[in-house]
Amino acid sequence: MGRVVGLLGIGNSGDAAWEWLRSLPDAVPRRLTLDALSLENLDVLWAHSAEEPPPLTSEPLMRWVTAGGRLLLTQRAASRVVALGLEQDGPNDTQGRSWTHEDDELWFPEFRAFGGFPHIRGLAAFGPHPLFAGMAQGTFTWAPSEGERYVRATYARGSRPRHGAVVACERSYIHLNADRIVAWEYAVGTGGVLCIGAFVVPEAWDRLLERQLRAMLRNALLGEGIPRAGRPTPAAHWPAPGRACHADPTLTLPGGGGPSLDGALPGTGSESPLHVGTRALADEAFSLAGRRALIVGGEQAGVREIWMHPYRVLKHLTVSVGGEAPLVRDVQIAPTVVHRHLVSRQRIVEETLTTALEHPVAFLEYRSEKIGRARNVHVGAPLLLQWTVDLRRLWPYDAGCGGDLRYAEDARGTGLVVTDEVGGGHAFIQANRPVEWRVKPAEGVPVLYCTVAAALEEPLRLAVYGGVSREDLDGAVRAVARRGVPGLSGQRRRHEEQLRESLVRLRSPDERLNTAFEWAKTRLDGFLVETPGIGRSLTAGYAASRPGWGDGRPGYAWYFGRDACWSAFALLAAGDTAAARQVLRFLGQTQDVSGKVIHEYTTSGLAHYDAADSTPLYLLLAGRYAAWTGDLALLEERWGELTAAYRFCLETDADGDGLIENTRVGHGWIEMGALSGAHVTLYLASLWIAALEGLAPVARGLGKTALVDELAERAARARAQLAKRFRTGDGYALGLLPDGTPQRQRTALTAVALLLGAVDPAPAAGWLDAIATAEYSTPWGVRLLSARDPLYRPDGYHTGSVWPLYTGWVSLAEYACHRGESALAHLEANGGLPFARALGAFDEVLRGDEERAAGVCPDQCWSAALVVSPVIDGLLGARPDALRRHLTLAPHLPARWRECEWRGLHVAQTELAVRVQALNDRLVVRLRRTAGDRLGVTVAPALPPGRVAGEARVDEVPLRPVCWERLGCRHAEVTLEVSGEHDVEIWHMPE
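Everything numeric in this text was worked out from a predicted model, so none of it was measured.

Help me out: how do you make sense of the pairing of strand S18 (residues 327–334) in this one?
A regular strand carries its side chains on alternate faces of the sheet. Both strand S13 (residues 276–278) and S18 contribute to a ladder of three bridges, which runs antiparallel. Looking across to S18, one finds that Gly277 is bridged to Gln332. In terms of strand pairing, S18 meets strand S19 (residues 337–343) through seven bridges, oriented antiparallel. Paired with Gln332 across the two strands is His339, which belongs to S19. Between S18 and S19, which pair antiparallel one after the other, the connecting turn spans two residues.

Just checking my understanding: could you explain the packing of aromatic side chains for this structure?
Between two aromatic rings, the relevant description is the distance of the centres plus the angle of the planes. Within the structure shown, the criterion is met by 29 aromatic pairs. A centroid spacing of 6.5 Å and a plane angle of 85 degrees characterise the contact between Phe126 and Tyr397, whose relative ring orientation is edge-to-face. Note that Phe126 is positioned in the loop between strand S6 (121–125) and strand S7 (138–142) and Tyr397 in the loop between strand S24 (392–393) and strand S25 (405–409), a separation of 271 residues in sequence. Owing to a relative accessible area of 0%, Tyr397 belongs among the buried residues under this scheme.

I would appreciate a short explanation of the pattern of salt bridges in the present structure.
In the structure shown here, the tally under the stated rule is 70 salt bridges. Here Glu365 and Arg461 are joined by a salt bridge, their closest N and O atoms 2.4 Å apart. Placement of the pair is Glu365 in strand S21 (residues 361–371) and Arg461 in strand S30 (residues 460–467), with a sequence separation of 96 residues. There is no split in this pair, since Glu365 and Arg461 are both buried. Residues Glu710 and Arg714 are paired through a salt bridge, measuring 3.2 Å at the closest nitrogen-oxygen approach. Of this pair, Glu710 and Arg714 both sit in helix H13 (residues 705–725), four residues apart, roughly one helical turn. Among the charged side chains, a salt-bridge network with shared partners connects Glu305, Arg312, Lys315, Asp390, Arg392 and Asp551.

Hey, could you run me through the sheet that holds strand S45 (residues 878–881) in this one?
Paired through backbone hydrogen bonds, the strands of a sheet run either parallel or antiparallel to each other. Across the sheet, five strands lie side by side as S45-S46-S50-S54-S53; this open sheet has mixed pairing. Only two strands of the sheet have a single neighbouring strand rather than two, namely S45 and strand S53 (962–966). On average, adjacent strands in this sheet sit at an angle of 20 degrees to one another, irrespective of strand direction.

Got a minute to help me understand the confidence of the model for the protein in this structure?
Close reading of the predicted structure is inappropriate where its pLDDT is low. Residues at a pLDDT of 70 or more form 97% of the protein, whose mean pLDDT is 94. A low-confidence stretch, residues 372–378 (pLDDT under 50), is modelled with eleven contacts involving residues beyond four sequence positions or located in other chains.

Looking at this structure, how should I read the sheet that holds S7?
If you walk across this open sheet you meet the nine strands as S2-S1-S3-S4-S11-S10-S9-S6-S7, and the pairing is mixed. The outermost strands of the open sheet, each flanked by one partner alone, are strand S2 (27–31) and S7. Adjacent strand axes in the sheet meet at a mean angle of 25 degrees, parallel and antiparallel pairs treated alike. Bridging between strand S10 (residues 175–188) and strand S11 (residues 191–196) involves six bridges; their strand directions are antiparallel. The residue of S11 that forms the bridge with Glu185 is Leu194. Running over the sheet, helix H1 (residues 11–22) touches strand S1 (3–10), S2 and strand S3 (44–49) and is turned about 160 degrees from S1. Contacts from helix H4 (residues 210–221) reach S1, S3, strand S4 (70–75), S6, S7 and S11, with the element oriented near 120 degrees to S7.

What is the right way to read the pairing of S1 from this model?
With seven of eight residues buried, S1 lies mostly within the body of the structure. The pairing of S1 with S2 spans five bridges and is classified as parallel. Across the sheet, Leu7 pairs through a bridge with Arg31, a residue of S2. Between the parallel pair S1 and S2, the chain is carried across by H1, and the sense of this crossover is right-handed. Strand direction decides the pairing type here: S1 and S3, joined by six bridges, are parallel. Its bridge partner lying in S3, Val5 is registered against Val44.

So what exactly am I meant to see when it comes to a positive patch on the surface here?
On the surface, a cluster of positive charge is made up of Arg478, Arg482, Arg483, Arg493 and Arg494. Mapped onto the fold, Arg494 is located in helix H5 (residues 470–502).

Procedures and definitions
Residues numbered from 1 in each chain as written. Predicted model: local features only at pLDDT ≥ 70, side-chain atom pairs only at ≥ 80, totals over all residues. Heavy atoms only, no water. Pairing = 2+ DSSP bridges. Helix = DSSP H or I, 4+ residues; strand = E, 2+ residues; numbered from the N terminus. Phe/Tyr/Trp six-rings, centres within 6.5 Å; stacked < 30°, edge-to-face > 60°. Buried < 20%, exposed > 50% of the residue type's maximum accessible area, 1.4 Å probe, protein only. Salt bridge = Lys/Arg side-chain N within 4 Å of Asp/Glu carboxyl O. Axes fitted to C-alpha atoms, helices over the stretch in contact; angles between N-to-C directions. pLDDT = per-residue confidence, 0-100. Contact = heavy atoms within 4.5 Å. Right-handed = clockwise from strand over helix to strand, strands pointing away. Patch = residues over 30% accessible without salt bridge, like charges linked within 9 Å, V, L, I, M, F, W, Y side chains within 5 Å. Areas by Shrake-Rupley, 256 points an atom, 1.4 Å probe, with all protein chains shown as cover. Lys, Arg positive; Asp, Glu negative; His and termini not counted. Charge placed at Lys NZ, Arg CZ, Asp CG, Glu CD.

Quick look at the structure:
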C-alpha cells in the first residue's frame, strides 16, 4: 500500500492538484475539506491554495506533525507558518496579480540580449536536497502566460524565515535570485513541514513544465522532500548571505600545517616538446587546467584566478620585488606549466605555475635567478605577493552565498586556511618555509585580503589547495603528502607523454599543423573536469572573470551538452575513448526528467535544458561511440537514458512531419538575433537524421529488431522532408519559420548538413564555391555570414564573426564533398590558432574583418576539437564501423604534399598506422596493424585531378580497383584484411 496523502485544496488550483494527486499510482489520495480535516491515518497532508490562505491553526495539526506527520504548504498556504506557530513573521511578499512578459525584462534586464528567451520560473537549492532528487539542485516548474494569475507567498527584500531552513530561492531562466526565498522547511519533533510559496501551478495555462512540477511534488509527497526524523538523504540549506570575514580559533590547518613541498616542479623545454616562448609584448591569456584545478591569467598580469571547481580560491595575485612592480621579460608556456621571468632593478625572479592532474592543488614558485655571472647583490630584497580569497562559487550563485568567511593562520607562518559559514568551500594556502603573513578582512563583504612577504635567499613555493568540504581539502593535502611534489609533477609529465604517444599522431609535411594537432589533443584533455557530487565531463572554455560578463564566470568553465558532443567526436577519432565514455555517462546521468539532455550544467550544480540540439547530438554521440569502439556493453548499460532521449525527441515533432523542432523546445546553434526564431533549422534536422541512422546499428547490435526498422523508417521520412522543404534555388535554407517560409540566408551552417551526409551535396555546389571565397573565408577562418549580407556585423556573435567551429565544420563538409584543397586551407586556418594569440590555445570567436578575438574565451574546447576531427575524419577520410570490424579510408592528399602519416588510429581493439604517399604515377597506402585484432579496411583515396585509375596491387598482387566519381572527384577503391603490414598501390594515368 502506498503513502496516504490528504489534500486540502481550495479553488480551481486545488481541483487541479487533486486530479494530479489521483493519478499517482503509488499514493492513496484523500480529498479533505476545512469542515472535515481528519488527520487520522494520514502520512502526508498537502495544503494548497492560489487564493486566500486556508485558515490552518496549530492545534491539532502541529501535534500530528510532532508525532511524525509531514505537512506540505504550497502557494498562499505557505503564509500560514505564523498561525501554525512556526514563525513570528510570515512571508513578506504575498501578492497576486496578472503576469506579463514585460516583468522579466523589467526585473532581469540582462535577458534582453537573448531575444526570445524562455519565460520560465523555478527553484534553485544551495546543494543537493531530496526535494530535487533526480533534478540536479533545482528545476523549473512554471512557464507563465500573458495575463495568467501570478500568486506567491515568499520571503524577499532581505527577509528570511527566522526558524525555518531555506531550501530554495527563485530561478528565472539563467538568473538566480537569491533574495527571493521560495521554499523553506522545519523539522518538528519526528515530523516536518515544507513550504513552497511560488511556482506550484497545477492549473498552469502552459503545460510545458508539467513533468518537472510533478517530479518535484512527487519528491515532496512520496519521497524525502519533507523533513522527518532520520531522513536518510542529506539536505543542503541556504545560509544567510555573507557580510564579513573573521578569524576562527576553532579552525585547524590540514595535515598539521601541510606536507613537505620539496622537490622539482615541471620544466618546459626539457620536458614538453610543445613548449613555446614569448616576449610577453601583450597580455595574452594563458590557462592551466587539471581535473579539479584551473589557473587563468595573462602573460603580463600573471595569475588572475585559481579555481578548485566549483570555488574560486585565489583572485588577483600581484607580485612586487623590492617594492616595485617587475617587468615581464619573457614567458615559457607548455601544456602543464607556465614560467614567467619577472625583472626588477634588483633581481630577476622566475615564477613557475602548475596544477596537479587529478587533485585540487596548484603550485606557485618564486626563485631568484642570476644576473650575468653573479647572483643579485640584494638577496634580501623582499618578494611581496598579494591576493584575495572570497571562495566565490561558480555562476549563477552570488558572491557570498556561502555565508561569512572564517579563517585561521598557522602560528609558524607557513599556512592559512579559509572556509565559508557552512563548511562547503575550503581554501588552504601553504608556504614551503616560514614567511610573514598579513591578512585583513574586508569591510561589509566576505573577502580576505592576503599578503605574503619573504626574502629570496631560497625559493619560495606556495601550494594552493581547495575542496568542497573539509574532507575533500584534507584529501588534497594527503595526496601531496603521499606522492610529494615530484610525484604529482611526474604524473602530469607522464600524462602528457601518454596523450602524445597513445592517441593519433600526425606526421605531415606541415610541421605547424603537426604541432597544432598535438596542442589540440592536450587542450581537449584539459577540458575534462571533475566536480565532486556532480561528475566528470567536458567543460567548454576558459578565461578570467571579467566586468560585463559577470564575476564568477571563468569563461565557460562548466559543462555543456552540445559542446561536449562535438568535442567528443574528436576524442573518439583521436582514440581517447575513455574520455568520450565519460561524456556519454555524464550526459545520460544529468538528463531532465523529460529525457532532454543538458544545454548547461554548472560545476556549482544548476542545470539548464534550453537547447534543442543537445539531445539528438547525444544520440549521435552514442552511435559514433559504437562505430569507433564496438563497445555495446556501455550502451546497453545506458540504454534507458538513450531511450528516454529518443522518446523526448519524438515528442518534439509536434506537427508530425518527421522533423524535430525548435519551437517550444529550444534554440539550435543560433541562440539569438535576426537569424534565430526558426520553427525547425537545417542544422537540427540534419542532426536528427544522423542520430537516427547512427543509432540503428546500435539497436541492431543489441537485438532490438523492431527499433531498427523504426529508426530506418523515421530516418527515410526525415530525409525526404528535408529534401522537399529545405531545398531552395541556390542550395538549402537555414531554417523554416513557423509559417513554413524558408530562411534563405546563406550561412556557414550548411556545412553541418553536408558533413553529416544528411542532404544531397549536388544542390550545394554554389554554396561550396562561395564558402571558399573571400566573401566568407578569411585567412583566420570562416564567417557565419557573407561579408556582403545586410545582417553582417564583423563582431556579432551570430551575425558574421569567425568561429573556429564553423571553420572546422566547413573543412569537414568540403572533405565530405571531395574538395580537398579548400578543405585543407580551412583546416590550416584553425591550425594557426595556437601560434597567434594565447599560445597553445584555440580561440572561441574572432572578428570577421580582422584577426582579433571577439568572444569570451581565448581557450575553447570545440575549437581544439575542430582541428582534430578534420585531420582524421576529413584529411584521412576515416569512417569506422567497429560493430562489423571494418574501416573505410578515403584520404585526400593535398597536391603539394608527397606523403602523410597517421599513427595510433584506433578502431575497436585494433590499432593502425596509415601512410599515404603520392608518386608520379601512383598512390601508395601503407597499412600497418600495430596492436589488436585483424581488421577489414577499404582504401579509397582521391585521385589527382585529371587522372583516372589503372591497375591496383595489394602486397604486389594485382587486381582491378572499384572506381567511382562523386562531385567531380575520382576515387579508386580496394578492400583487404589488415593482419600485419600491407602496401596498397593504385596506379593512375591521364584521362
